[in-house]
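So the chains spell out like this:
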Amino acid sequence: MTANVELVDVTKQFGNGLVAVDKARLSVAAGEVVCLLGPSGCGKTTTLRMIAGLEHATSGDILIGGQRVNPLPARARNVAMTFQFYALYPSLTVEENLAYPLYAERLSKTDIAARVKRVSAVLDLDGVLHRLPYQLGEGEKQRVAVGRSIIREPTCFLFDEPLSRLDIQLRQSMRTQIIEVLSKLDKPAVIVTHDQIEALTMADRIAVMNFGKIEQVASPHSLFAQPANVFVAGFIGTPQMNLIKAVLGGVDAPAADGTVRAKFRLLGEEITAPVKAKVAELARDCAVTIGIRPRSFEFVGPEMANALHAKVDILEPMGAELLAHLVEGDTDMRCVVPHTTKLRVGQRIGLRCKPGQLHVFDANGILVE
Ligand code: ATP
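Residues numbered from 1 in each chain as written. Predicted model: local features only at pLDDT ≥ 70, side-chain atom pairs only at ≥ 80, totals over all residues. Heavy atoms only, no water.

*Asks:* Any chance you could break down the overall build of the chain for me, citing the residues and the numbers?
*Replies:* Tallying secondary structure elements over the chain gives nine helices and 20 strands in all. With respect to the three principal axes, the spread of C-alpha positions in the chain is 80 × 45 × 45 Å. Of all 369 residues assigned to the chain, the portion counted as buried reaches 48%. Accessible surface computed for the chain: about 18000 Å², of which carbon and sulfur atoms make up 53%. In the chain, 41 side chains carry a positive charge and 40 a negative one; their mean positions are 3 Å apart. (Helix = DSSP H or I, 4+ residues; strand = E, 2+ residues; numbered from the N terminus. Buried < 20%, exposed > 50% of the residue type's maximum accessible area, 1.4 Å probe, protein only. Areas by Shrake-Rupley, 256 points an atom, 1.4 Å probe, with all protein chains shown as cover. Lys, Arg positive; Asp, Glu negative; His and termini not counted. Charge placed at Lys NZ, Arg CZ, Asp CG, Glu CD.)

*Asks:* Lay out the pairing of strand β13 (residues 269-275) with the relevant residues and their values.
*Replies:* Strand direction decides the pairing type here: strand β12 (residues 260-266) and β13, joined by seven bridges, are antiparallel. For Arg261, the partnering residue across the bridge sits in β13 and is Pro274. (Pairing = 2+ DSSP bridges.)

*Asks:* Could you give an account of helix α1 (residues 44-52), naming the residues involved and the relevant values?
*Replies:* Of all nine residues that make up α1, seven are buried, and the element is covered over most of its length. Residues of α1 that are buried include every one of Lys44, Thr46, Thr47, Leu48, Met50, Ile51 and Ala52, and no others. Following α1 by one or two positions, Gly53 adopts a phi angle in the positive range, close to 90°.

*Asks:* I'd love a proper account of the packing of aromatic side chains, names of residues and values included.
*Replies:* Overall, the coordinates contain four aromatic pairs when judged by the stated rule. Measuring from centroid to centroid gives 4.6 Å for Tyr89 and Tyr100, while their planes differ by 45°, and the two rings are tilted. Of this pair, Tyr89 sits in the loop between β6 (79-82) and α3 (94-103) while Tyr100 sits in helix α3; the two residues are 11 residues apart in sequence, bridging distant segments of the chain. Looking at Tyr100, the relative accessible area reads 39%, which means it is partly exposed. Seen from their ring centres, Tyr100 and Tyr103 are 5.8 Å apart, and the 65° between their planes marks the pair as edge-to-face. Highlighted residues: Tyr100 and Tyr103, both in helix α3, separated by three residues, approximately one helical turn. An aromatic cluster is present here, built from Tyr89, Tyr100 and Tyr103 joined pairwise through their rings. Of note, Arg293 hangs over the ring of Phe224, and the distance from its end group to the ring centre comes to 3.9 Å. (Phe/Tyr/Trp six-rings, centres within 6.5 Å; stacked < 30°, edge-to-face > 60°. Lys NZ or Arg CZ within 6 Å of the ring centre and 35° of its normal.)

*Asks:* So what's going on with the site of the ligand? Residues and values would help.
*Replies:* Within the structure, the ligand sits among Phe14, Asn16, Leu18, Ala20, Pro39, Ser40, Gly41, Cys42, Gly43, Lys44, Thr45 and Thr46. A distance of 3.1 Å separates an oxygen atom of the ligand from a polar atom in the backbone of Cys42. Contacts to the ligand include Gly43, whose backbone N or O atom sits 3.0 Å from an oxygen atom. For the ligand, whose free accessible area comes to 630 Å², the fraction covered by protein is 60%. A per-element tally of the shell around the ligand places α1 first, with three residues. The residue inventory of the shell around the ligand, partitioned by class, reads five nonpolar, six polar and one charged. (Near = heavy atom within 4 Å. Polar contact = N/O pair within 3.5 Å; in protein donor to acceptor, adjacent residues only side chain to side chain. Nonpolar A, V, L, I, M, F, W, Y, C, P; charged D, E, K, R; others polar.)

*Asks:* Quick one: what's the story with the side chain of Thr193, residue by residue and with numbers?
*Replies:* Mapped onto the elements, Thr193 comes out in strand β8 (residues 189-193). At a separation of 2.9 Å, a polar atom in the side chain of Thr193 contacts the main-chain amide nitrogen of Asp195. Among the polar contacts made by the side chain of Thr193, one reaches the side chain of Glu198 at a distance of 3.4 Å. What Thr193 contacts, discounting residues up to four positions off in sequence, is Cys35, Leu36, Leu37, Gly38, Lys44, Glu161, Glu198 and Ala199. (Contact = heavy atoms within 4.5 Å.)

*Asks:* Break down the sheet that holds strand β5 (residues 67-68) for me, citing the residues and quoting the values.
*Replies:* Strand order across the open sheet formed by four strands is β2-β1-β4-β5, with antiparallel pairing between neighbours. Two strands bound the open sheet, and with one partner strand each, they are β2 (19-28) and β5. The pairing of strand β4 (residues 59-64) with β5 spans two bridges and is antiparallel. Pairing of Leu63 across the sheet is with Arg68, part of β5.

*Asks:* I'd love a proper account of the pattern of salt bridges, names of residues and values included.
*Replies:* The final tally for this structure, using the stated rule, is 11 salt bridges. Ionic pairing is found between Arg171 and Asp195, a salt bridge with its closest N-O pair at 3.2 Å. Note that Arg171 is positioned in helix α6 (residues 168-185) and Asp195 in the loop between β8 and α7 (196-202), a separation of 24 residues in sequence. Assigned by exposure class, Arg171 and Asp195 land together as buried. A salt bridge links Glu198 to Arg171, with the nearest nitrogen and oxygen atoms 4.0 Å apart. Taken together, the residues span a long stretch of sequence, with Glu198 in helix α7 and Arg171 in helix α6 at a distance of 27 residues. The exposure class of Glu198 is buried, given its relative accessible area of 2%. For Arg171, a relative accessible area of 18% puts it in the buried group. (Salt bridge = Lys/Arg side-chain N within 4 Å of Asp/Glu carboxyl O.)

Set out below in structure tokens:
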């Protein structure tokens, strides 16, 4: 039986009527790391707590290793839920620190020793088992902390913002440690985070949540390259993708090489750009949203046709790059260019989207691809 975690239309409605999780569908394979990512209050923690058995699902099925676990209490599900990586007990050796979570499980001494041995081998701690925490390097301390959360040999790993209380440097190295360890364990792992860098660096796939709904589940790259809707488009990527209201003016017949070009009216201009063939299925003159990432613009002269125009409002240096805030009417846009680009506040500029980097969302905000 595969040790995976599966949510089938899982809903949680609290007593006050609030639907915190709405028909969530998610499948996490053994050895896979899935991050639940979304704004505060979108239902990430509630989803995790339902998998752990700390919260009952109002409807839907939760399966672990193919078994429906809805009726099982938390302790019978044998999941490892980590809220944060705790400091080590300073007076206990590495071996004792690792064994600590097992004392409550009434295992025999031989079983405890065997588990410590396995975890210590995975985490490369064999040489320091008899040291006290103060005799360890930072990396070793982190590995012991990770070891304590995996030693129970659970069916799956659930982490709720485990790194949120750590300082930024420790957080970065801890991410790497966790991923390295999880990759050796062949168990499903679900990590809740509101930090997109954390999700983008740790996850095999990310489930983006909003108002209790899972909006998209995809690899970090696909979320970035093909956001399923305007919410995901605006949520993933910094600075945020420009999402501009437009009207579809018409779509030309495909060229000999198959390229399809569409006309759009936006910001008082008309532009033509290559688009996905499916855009031709939209009605002429329908409302759409055009999505262009800040790094997908290129500048053209202010008088150039087939370009957008805007005024430079604020310039924000970002090291090697420059973030230009642009404004046209009541639309704000963001554009990232090399720091050497000559721009001044108040200047009027022309902008074009680099070929193939323009996203079209229909009137319901769904990506047309
Ligand atoms: P955060 O990142 O802020 O922790 P989250 O995405 O993890 O947010 P949840 O903690 O799952 O969100 O909460 C989802 C919604 O359910 C929120 O509106 C929250 O106020 C509500 N909620 C959570 N627990 C309860 C509860 N026990 N009773 C009533 N409402 C609750």
